[in-house]
Structure formats: C-alpha cells, structure tokens
Amino acid sequence: MIPEPTLPSPKSADKYQPGLKDSARYLKGVGPRLGERLLQKGIGSIQDLIYHLPFRYEDRRETTQISRLRPGIKAVTTGKVIAVSKSGRWRRQAFQAVIDDGTGALTLKWFHLPGNYLQQKIQKGRVVVASQTVREYGDLLEMDHPELEVLEEGEELDSLSFGRIVPIYSLPEGFSQKTFRALTNQALSLNLDQLLDFVPAELLEQRHWLDLKGALHNLHFPGMDADLHALNEHRTLAHRSLYYQEFFVLEMALALSRRGLSESPAKPISGGDAQIQKFRSLLHFQLTAAQERVLLEIEDDLARPRPMHRLLQGDVGSGKTVIALFCALRAIAGGLQAAMMAPSEVLAEQHWLNIHRGLDQMGISSALLTSGVRGPEREKVLNQARTGELSFLVGTQALIQEKVEFAKLGLAIIDEQHRFGVAERSRLKAKGKGETPHILVMTATPIPRSLAMTAFGDLDISILDQLPPGRKPVETKLLKAREVNAAWRELKKRVGQGEQAYVVYPLVEESERMELQDATQKFQELSRQVFPEYRLGLLHGRLKPEEKEAVMEKFRVCEIQILIATTVIEVGIDVANATAMVIEHAERFGLSQLHQLRGRVARSDKSAICFLVAHPPLTDPARERLKVMTETTDGFKISETDLRLRGPGEFLGTAQSGMPPFRFADLIRDLKELSAARNDAFQWIETGNINRPDLAPLRKEIRQKYGKFLHLARAG
Ligand code: ADP
Ligand code: MG
C-alpha cells in the first residue's frame, strides 16, 4: 500500500491549513470580529464549530413551479429575475424583485433593504432560488424576506442551501444560515484526521454505529435519502451514534471508578450476631421478606475486604432505616465506626431524634453533628469521633466535607441520597485512612433508570420492593383552596375516632414575596376557629432540637392530635396512628417532597387519606405534579414524572451539577443508547483491554472530562 502523503502539496505549502483545535477565526472569511461572535456562542475552535449541530432541518430537495405555489405553504422555488425596484426612502426603504419561471411570476419582498451584497447580486436575468412561506397579496403571490440564493452564470443548483435537506443552526450574531453553512462546510472539508473515535472499532462495528467523522458529516449535510422526521427528532443513526459515543465515555469512567474502588482495601465486617439478635428482639415487628433479602445482599458485601458501594432503593415506608441500623450494628460490633448522613440539617436532626433512643437501648454511643451543634459540645463530638469513642455519628454532608476525622470509619450510610452525587461519594473514600469505608446509599424516591446508569452508575443496586404487611395506598384528593373545609371535616371525623393528623405548610415565616400562609399564624387560626375542641401542636424548623423532640414526643403519645408542621416532617416522623394529612399550598412542593410527605400517613394498616390543597394560579408543571399524585402512589411513576418535568440537572439537585453535561445526548430521550453504552463499557472493563494503543483518545477523554470529577487515580 502506498502511504498517505504527509507533506502538504507544493501548491498549498505556503497556505496555512488550520487544525481542529485551532481557533475558528482562522477559517476563511471569519477573522477577529466574527471570531469573537462565534466565541460568544461557545464556538472557540474549529472542532466546536463541527460539534455545533443543526437544531432543525428543512426539506429543500424539491422545488415547486411558481404556478403550483399556494398561499400559506412553505416552498422552494426558482426563477429568473425580471424586475427589481426600491420604494420608500431612507430607513423605510423597501426592496422587491419579481421572478418568473415560465409558469408564472412571484414577488420577493424585503421591508427593509437587504444587504448590499444581495442587492448587487439580484440583477435582471439572474437565476435565484427562494425559500419561504407563500403569501397572497392582491392577485399576486409573494414571499417576504425569503432565504435566497442567487446563482452565478451557468451555476448548477447544488449549493449547500438548496436541492437538499438543509441544516438550520442556532446562529451566532452576525451570521446568516447561509454563511454559517458555508463555514461549517469549510470546516468539514479540512483534514479531520484528528477527529478520533473514542469507541473501540469492534464495538462500532458490532452495533453498526457510524464513526465520528461520518456521523458529523451526515448531521450537517444529510444525504438525499435521509429521514427528515428522524433528523428533526434528533434520532437518526448519525445522532444516535454520537449519543452512544458520549455515553460510552461516561460509562467507561464509571466502570473504571468502580474497578478502582473494588481494588482498594476495606475492613471486612461480619461479626455482631449477638447484637443483631438483641436488636431484632427489640423490634415490634418481623422483617419483610424483601428486607431479609436485601439484608443478606448487604451483609454479603460487608463481609468482603473490598468496599461495598451499594444503593438501597425502597419506596417511602418500605423500612430502610432498620436495615441501615442492622448494618451499623455489625460495623460497630466489629469495632468500627458508622456514620449516617442526610441531605439537610433538619433531616439529619429528625433522623437522629428517631433513632438515638434505640441506639441508647443497645448501649451504643451516638451523636448528632450539624451546624447547630456548636462550642464545647461540638468539640466534644469531634474529639470523640477522632478517638473512636463515638460509634455512630449522624449529620449532614458536613460529615464528609468538614474536617471531621474518624478513628476507624467502617460504614457510611447516605440517606435520601438525592443530593449526593458521584463526586460526594468518591470523596468519602478519603475518610477511611488507607481503608475505604463501606458505603450504603439509601433512596426513597426511586431513581429513574437513566440516572441509575449515570449519576448512580457506580453503585450496585438492592431493591426493597415490598411494603410492611397491611399497608394500603393513601387515598389522595386534590382540593381547591375554597374547598378546604372538606378536609377539615374529614380530620375532625378521624380525630374523633382516636386517630391523628398532620397539616403541612410550606414555610415557617410569612414571606412578603410569596405570600404563603405562615404555619405559626395558621396554627393559631386553626386552634381557635376550626379545631377549638382538639389538641393541636406546632412543629417548625426554627424550634430548638429539644423543643422539636418534645413536640414529637407529645405527638407520638397522642397528647397532640393534630400536628401543624412545616416540611420538617418530610422525613423522620413516624407515628402509625396518624392517618390523615392536609398539605396546604401543595402546588409549591416538589414531587418527591409530596411523595415523602404523603408517606408519613401510610405507616399502618389503617386506611389513610391525603388532601392536596392547591392555591391558584397553578403553573402547568404544578398542575401535572398534583395530577400524578392523585393518580398513583407508585414511587417509580412519580419519580419518572419528576425527572421528565424537571430534567436531570434539577432532579439531582445542586451537588450533581458538578457532573459534566452531555454535549449531544439527552438522558431521557436517548435511554436506549445509554443502556447499550453501559452494557458495552462494563463488559469491556471485564474482558477487554483498555490499555490498547488505539484507545489512547478514549483514555484521554475520560481523564479530561471525568478524571477530576470521579477522582480517578488513573484511567488506564
Ligand atoms: P423508609 O424506608 O421510608 O425510611 P422507615 O425505615 O422509616 O421507612 O420505616 C417506616 C415505618 O415502618 C417505621 O415505622 C418502621 O418502624 C416500620 N417498619 C419497618 N419495617 C417494618 C416491618 N417489617 N414490619 C412492620 N413495620 C415496619
Ligand atoms: Mg427513611
């Protein structure tokens, strides 16, 4: 075989051929000014330009004879200029040209002057191609501000903008579709050898994907037989090839991170049977079959000298806490420490209030660490964590972010994980001093499949797919604000029968802006006017922990019958006798919050009811949230809807925003490619060779894009 020439041909030897990484400014016709405009659009390099894909495509494969044009229909037509005229003066000047193709005449009209360039080119006798929706003006047909191409003498209709499926771009300032197309074409005609595929060749072939170069060519200038609909849906083979490639890089990074983790040492945890027995005897219930199964899965992980990295997924009320405690007990029995983290101060506090009595009974030293714990008390907790005196620490992210030191952290439990991302989890590795703690992540809001494969893609998954026996779905009713009396009547009926209820408000204090009802004020109002004959209590975030505990204790023993609360009860309160809930301003709450809240009344075999009280005006997403709440209690359906309504970034919360975004792919739309990429990447790590020379671009991309994020020590 003759090798490709490596030297530029003599003719172009003096001409500079920019490379992919060079600034797009070096393309012909760009220069500093337009270069700046491109940059404002995020297009710095020539590669950026090539990656800037059309957002839409227009079918201009066929041209229509002028006699066949119809008003209101968009068409591409061609004809010879037979007249040109200007009218009006100065800024109000208009411009028009009449074209004729032998079957009829069409006016092309501009309400302000088109650029000089176009004016000069539109001369009598020239052939033009025009594309626009046709309008009727008196007896004549016209196109206003058509996209126009004026042909040179003898030129064929084979430009970038006509006679084909034409790409439409989101444009930087100072560019027309046409000039931008020309620029893209110029970039694509350069030497693209640096556009290397990240995906191993055999996978591209197996899956029948296009390579990167081919896909990009196709996406900017699709072939004549391309599927217009698929193009506009962004789901052609070329599109999907890019998505797969992008996902593949992430999945390889996750697979590597997983492998890195599974190669780091951890303390095996296996003893503690006696403590577990004792704890079991303290429970007033039997574990469900699902709980027993999940427990076995976790204990199996814990017993290995490699760190567990497991996600426990179970709907609200499925009994995750008790599993976490079992695991903690084993770790503690093995002489290690355990930490449990919640995503907010309030939730951490609630958690601690709930479990510390149980721990006391077991003779286990535990403490709460939030920013509310200050001064000498804080010093004491930190000190005891450092010496190992403290066995169980409950807190927020602060546990892993601040300078909290553990003597021998063996198990880290992350509850209600949502706001903990891959990055947070990988930071946990550092807390174990040479040995990595076992990690158990728990979520009540089921994680949609797409996220289980990305943001949580480094975890093994256990599923609690069973609620404790006798639980019934909570009946859920949507009320308008003026119908709220129906809810109060139901509460009276139930409390009269000895049951208890919650009334939830979104905020503690009146906010001038949002005009939300203040829980404190509402508490007084409800006490005096609606429920004078009942015992009401108030719980909100501003109370001190002791005060909160006192209120919760009163509710627990039914001294308080109706608890007026802000969202502090979202997680943590656990009173089986409470069977009714009224959520005021339900439109303000997120879906997962609503689901969590409602879960508070699904704690026994009594039939429970939840009223969602909506105060107009409702946004469309709010309406949809409330609708899905009334339709289902299935956490999976709810979180899928949540993901769809909010998008992955929002759904995952702030901690996740550190995850580099995808350039092309969409987690929801492109689930199939994600699945395929995950499958292939994890299999590659098992059986393939990531150190192969041809995979150097892949290794580099993984390092650059995800290295820091995943704390990858080395990507191959
Ligand atoms: P979540 O999974 O939402 O965190 P919890 O762990 O708070 O759920 O458990 C919900 C309630 O169910 C608690 O009152 C808990 O004591 C109780 N519970 C847990 N497991 C069982 C079981 N196997 N049988 C009966 N009740 C259980
Ligand atoms: Mg829980």
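Keep in mind the model is a prediction, meaning the values are calculated, not measured.

Some remarks on the side chain of Gln313
With respect to the helices and strands, the residue Gln313 is situated in strand 9 (residues 309-314). Sequence-distant contacts of Gln313, defined by excluding residues within four places in its chain, comprise Thr443, Pro446, Ile447, Ser462, Ile463, Leu464 and Phe636.

A look at the sheet that holds strand 20 (residues 578-583)
Read across the open sheet, the 6 strands follow the order 16-21-20-17-19-18; overall the sheet is parallel. Two strands close off the open sheet at either side, each with one partner strand: strand 16 (475-480) and strand 18 (536-539). Pairwise comparison of adjacent strand axes, ignoring direction, gives a mean angle of 20 degrees for this sheet. Of the strands in this sheet, strand 16, strand 17 (500-504), strand 20 and strand 21 (609-614) are in contact with helix 20 (residues 591-599), which crosses strand 20 at around 150 degrees.

Describing the pairing of strand 19 (residues 562-565)
Covered by surrounding structure in strand 19 are Ile562 and Ile564 together with Leu563 and Ala565, the residues of both alternating faces. Here strand 17 runs beside strand 19; their pairing, made up of 4 bridges, is parallel. By the bridge assignment for strand 19, Ala501 is matched with Ile562. Inspection of the sheet shows strand 18 paired to strand 19 by 4 bridges, in the parallel sense. Looking at strand 19, one finds that Leu538 is bridged to Ile564. Taken together, strand 18, helix 19 (residues 545-556) and strand 19 form a β-α-β motif whose crossover is right-handed.

Quick word on the site of ligand 1
Around ligand 1, the surrounding shell holds 16 residues, and the nearest of these are Gln286, Gly317, Lys320, Thr321 and Asp574. Interatomic distance of 2.8 Å between a side-chain N/O atom of Gln291 and a nitrogen atom of ligand 1. One of the side-chain nitrogen or oxygen atoms of Arg471 is found 3.3 Å away from an oxygen atom of ligand 1. Here ligand 1 has 570 Å² of accessible area as a free molecule, and 83% of this is covered by the chains. Of the residues that constitute the shell around ligand 1, the class distribution is 4 nonpolar, 7 polar and 5 charged.

A look at helix 1 (residues 31-40)
Three or more residues of helix 1 are buried, namely Leu34, Gly35 and Leu38. Summarising the axial view, the buried residues of helix 1 lie within an arc of 110 degrees, below the 170-degree limit, and thus occupy one face. Exposed residues lying more than 90 degrees from the buried face of helix 1 are Pro32, Arg33 and Gln40. Packing partners of the buried residues in helix 1 comprise helix 4 (177-188). Looking one or two places after helix 1, you find Gly42, whose phi comes out positive at around 85 degrees.

Digging into the sheet that holds strand 13 (residues 409-414)
Ordered by their spatial adjacency, 7 strands build an open sheet running 11-12-10-13-14-9-15, and the pairing between neighbours is parallel. Both edges of this open sheet fall to strand 11 (366-369) and strand 15 (460-464), since each of them pairs with a single strand only. If you compare each strand with its neighbour and ignore which way they point, the axes differ by 20 degrees on average. Across 5 bridges, strand 10 (residues 337-341) lies against strand 13 in parallel orientation. Across the sheet, residue Ala339 finds its bridge partner in strand 13, namely Ala412. Taken strand by strand, helix 10 (residues 289-302) contacts strand 9, strand 13, strand 14 (438-443) and strand 15, and its axis lies near 160 degrees from that of strand 15.

Observations concerning the packing of helix 8 (residues 237-263) against helix 23 (residues 671-687)
Axis separation between helix 8 and helix 23 bottoms out at 7 Å; the angle between their running directions is 40 degrees. As summarised for this structure, helix 8 and helix 23 are arranged oblique, according to the angle between their axes. Helix 8 and helix 23 meet at a crossing whose hand is right-handed. Contacts between helix 8 and helix 23 involve Arg240, Tyr243, Tyr244, Phe247, Phe248, Glu251, Met252, Leu254, Ala255, Leu256, Arg258 and Arg259 from the first element and Glu673, Leu674, Ala676, Ala677, Arg678, Asp680, Ala681, Phe682, Trp684 and Ile685 from the second.

Criteria and thresholds
Residues numbered from 1 in each chain as written. Chains lettered and ligands numbered in written order. Predicted model: local features only at pLDDT ≥ 70, side-chain atom pairs only at ≥ 80, totals over all residues. Heavy atoms only, no water. Helix = DSSP H or I, 4+ residues; strand = E, 2+ residues; numbered from the N terminus. Contact = heavy atoms within 4.5 Å. Pairing = 2+ DSSP bridges. Axes fitted to C-alpha atoms, helices over the stretch in contact; angles between N-to-C directions. Buried < 20%, exposed > 50% of the residue type's maximum accessible area, 1.4 Å probe, protein only. Right-handed = clockwise from strand over helix to strand, strands pointing away. Near = heavy atom within 4 Å. Polar contact = N/O pair within 3.5 Å; in protein donor to acceptor, adjacent residues only side chain to side chain. Areas by Shrake-Rupley, 256 points an atom, 1.4 Å probe, with all protein chains shown as cover. Nonpolar A, V, L, I, M, F, W, Y, C, P; charged D, E, K, R; others polar. Arc of directions from axis to C-beta. Parallel < 35°, antiparallel > 145°, perpendicular 65-115°, else oblique. Left-handed = near helix turned anticlockwise from the far one by under 90°.

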